[in-house]
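Geometric and topological summary
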Amino acid sequence: MRASDHLPDRFNAAEWFVGRHVVEGRAANVAIVTDEAETTYGELDSLVRGFAAALEGAGIHRGDRIALILPDGLLLSVGFWGAIAAGAVAVPVNTLLKPEKLRAVLADCDPRLLVFDERLADGPALAGGGCACWERGEAGRRARGTPPASGYAATHRDGFAFFLYSSGTTGEPKGVVHLQHDAWVCCRTYGEHVLRIGPADRCFSVAKLFFAYGLGNAQYFPYDVGACAVLFPGRPTPEAVFEQVRRHRPTLFFGVPTAYAQLLAAMDRGASADFSGVRLCASAGEALPASVFEKWRERTGLPILDGIGSTEICHIFLSNRTGALRAGSSGKPVPGYEVRILEESGREARPGEIGDLLVRGDSTMAFYWNKHEATKRALEGDWIRTGDKYHVDPDGFYWQDGRSDDMLKVSGQWVSPVEVEAALIAHSAVLECAVVGEQDADGLVKPHAFVAPRPGAAATEDLADTLRAFAKDRLEPYKCPRWITFLPELPKTATGKIQRYVLRQSVSPR
Ligand code: 3UK
C-alpha cells in the first residue's frame, strides 16, 4: 500500500493546503507574514479561488501550465495554489536564472500564461506565442477583482499539480512533474516525523519557494497544519535574514549549508542575531560539514538537522532527527521512505561499503517532462536512482561519498561542469578547460576551473580576472569559478578526452 492510498481519488492539493482550513474553522489563522502584511487562511482561500476564477475567465483549461516568475510573497502563494485550484499546473521558476535559461524553461513547459514581476524579468520578451502575460499588478488585481470560484477543481490525486525545474548534466533544464498527492506525502513523512510541525509554528526558509526545498519549507509544510509562513522577497543577505528572524520570530528555520556558513561569518564579524524563538534548524541541498554544525550549535545553542532531498523526490527522504543525530551524516531514512545502497554488481552494499543510493516513496515525481529517456534512466519501478554515492555505518546513519556523475552542488544548487566549461571555452584566450569541485575553508564545494590558454595568450592574473568577468556575464553567480588555475595542457586519456578525475585528485574534493 502506498501512502496516498489513504486519500480519496478526488483530491486537489490546493483544497487540502488552503481551502480545508476555512471549512475546518481555521479561517482566522495567519497563513503568511511579510514585512507589509499578514494574510489569514480565510483571505488566502478567497484570493486563491479568485485567481482560479480569473484563470478560467482567461480560457485556461485543466492541465495548462501557469509559469510564475515571482519573488517570495503573497502573490506567488496565490498564483501557485490558484493554478492548482483551477486544475492547471503551477510552474514556479527560478527568478535568478539568466534570460536565456528562463527562455529554455518556458519553451519546455510551454505555458498558457506567464505571471511575472517586471523587476525580475521581461515577461513578454521571454514567453512564446500563445502565452498570455500578466505582470504582478495585473495578476493581483485579477485575483482580488474576480468573484471567487465556488470551489476547487475536482482533480484526481494522481493528476499533475506542479512542475519544478532542475538542471541536467549539461545544464539543460529538466521539468520534474509532481502530482496532487506528492506534497501531501511529504507532510506525512518529513513534516510529521522530523519537523513535527504544528499550528503554532512559523516557518522561515532562506531557500526560496521556487526551489523544491523552499516550497516545502515555507508553503506546504506550514499549510498542512494551518501554521504560518514568513515570506521575504529580497536577497537573503545575512543582515536581511537576521532582521527577518528578529522581526517575525520563526520557530522553524531552514537554510542550505552555504547560508549557515555565511550567517556564521557575519556573526564572527559582530552581527547580532537572535535565534531564541527558533525550536529547530534544518539544512539540505548539499552536505552540511560537521564544522558548520558545531559552530552553529556554539553560537545559537541549536543543532542543525541535515537531511538529503531532491527535486525528483519532492523533499527530504534521509534526515537527522532530534535524538538521532550524527554531525556530518545525512541521518537515517525518514519514516515513509525506503532506501537501498547497491554496489557495482547490483548487490545490496554491506555497512561501510559505498554504492549507488536508490529511494522508494510515494512523493517521487511521475516523470521528467519531455524527457522520456532521462526518465527511464532515473526510475526503476517504485525506485528512483538519486545519482548519489552513499554508505551506511553500523549504527544505521547514512553518509554521502560523492556523486556518480560530475555534477556539483554549490550553495545547494546544481552546477554542471560541462556548462561552466562551455562558457569559458567561448573566450578566445581559452584553448581548453575543465571544471571540478573543490572545498573552501568551510568544507563547502565551489567550482575550480583549470584552463589551458591558447598559444600567445599569457597565463596572468589579468587573464584570470577577464575570464571571471566573462563567466559572470554568461552564468548565474554560483556557477562562476571561485578559482582559476592555468596549465600548459590538461590531462587527457589516450583518446583525447579530458580527465576531470585527475584534476579532482589534485584538489581537495568531497
Ligand atoms: C544533493 C545533498 C548531501 C544530492 C532538495 C531538500 O537539494 C535538493 O534537490 P536538488 O534536486 O538536488 C538533489 C541532490 O542534492 N543533496 C541534497 N541535500 C543533500 N547531498 N547532503 C544533503 N543534505 O546530490 C541530491 O541527490 O536540487 C533538498 C528538499 C528538496 C530538494 N529538492
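Residues numbered from 1 in each chain as written. Predicted model: local features only at pLDDT ≥ 70, side-chain atom pairs only at ≥ 80, totals over all residues. Heavy atoms only, no water.

Right, let's get into the sheet that holds strand E26 (residues 483-486). Spatially, three strands are ordered E24-E25-E26 in an open sheet, and the strand pairing comes out mixed. Two strands lie at the open edges of the sheet, namely strand E24 (430-439) and E26, each paired on one side alone. Ignoring strand direction, the axes of neighbouring strands in this sheet form an average angle of 25°. The pairing of strand E25 (residues 445-453) with E26 spans four bridges and is parallel. Residue Ala449 lies in a different strand from E26, and its bridge partner there is Ile484. Where helix H13 (residues 417-425) meets the sheet, its contacts fall on E24 and E25, and the angle it forms with E24 comes to roughly 145°. (Pairing = 2+ DSSP bridges. Helix = DSSP H or I, 4+ residues; strand = E, 2+ residues; numbered from the N terminus. Axes fitted to C-alpha atoms, helices over the stretch in contact; angles between N-to-C directions. Contact = heavy atoms within 4.5 Å.)

Turning our attention to the environment of Phe317. Its place among the elements puts Phe317 in strand E14 (residues 316-319). Looking at Phe317, the relative accessible area reads 1%, which means it is buried. Placed 15 residues apart in sequence, Phe317 and Lys332 show a C-alpha to C-alpha distance of 8.5 Å. (Buried < 20%, exposed > 50% of the residue type's maximum accessible area, 1.4 Å probe, protein only.)

What follows is about the pairing of E25. Extensive coverage of E25 is indicated by the burial of nine of its nine residues. Residue alternation in E25 divides its side chains into two sets, Val445, Pro447, Ala449, Val451 and Pro453 and Lys446, His448, Phe450 and Ala452, and both sets are buried. For E24 and E25, the ladder comprises nine bridges, and the chain directions are antiparallel. The partner of Val430 across the bridge, within E25, is Pro453. Hairpin connection from E24 to E25: five residues lie between these consecutive antiparallel strands, with Gly443 at a positive phi of about 85°. Viewed along the sheet, the connection from E25 through helix H14 (residues 461-474) into E26 turns out right-handed. (Right-handed = clockwise from strand over helix to strand, strands pointing away.)

Attention now moves to the sheet that holds strand E10 (residues 228-230). One open sheet accounts for nine strands, arranged E2-E1-E10-E9-E11-E12-E13-E14-E15; its pairing is mixed. The open sheet has two edge strands, strand E2 (38-40) and strand E15 (332-333), and neither has a second partner. Relative to E14, strand E13 (residues 304-309) runs antiparallel, the two sharing three bridges. By the bridge assignment for E14, Ile308 is matched with Leu318. Along the sheet, helix H8 (residues 212-225) contacts strand E1 (30-33), strand E9 (202-205), E10, strand E11 (252-255), strand E12 (280-283) and E14; its crossing angle with E9, the most-contacted strand, is approximately 170°.

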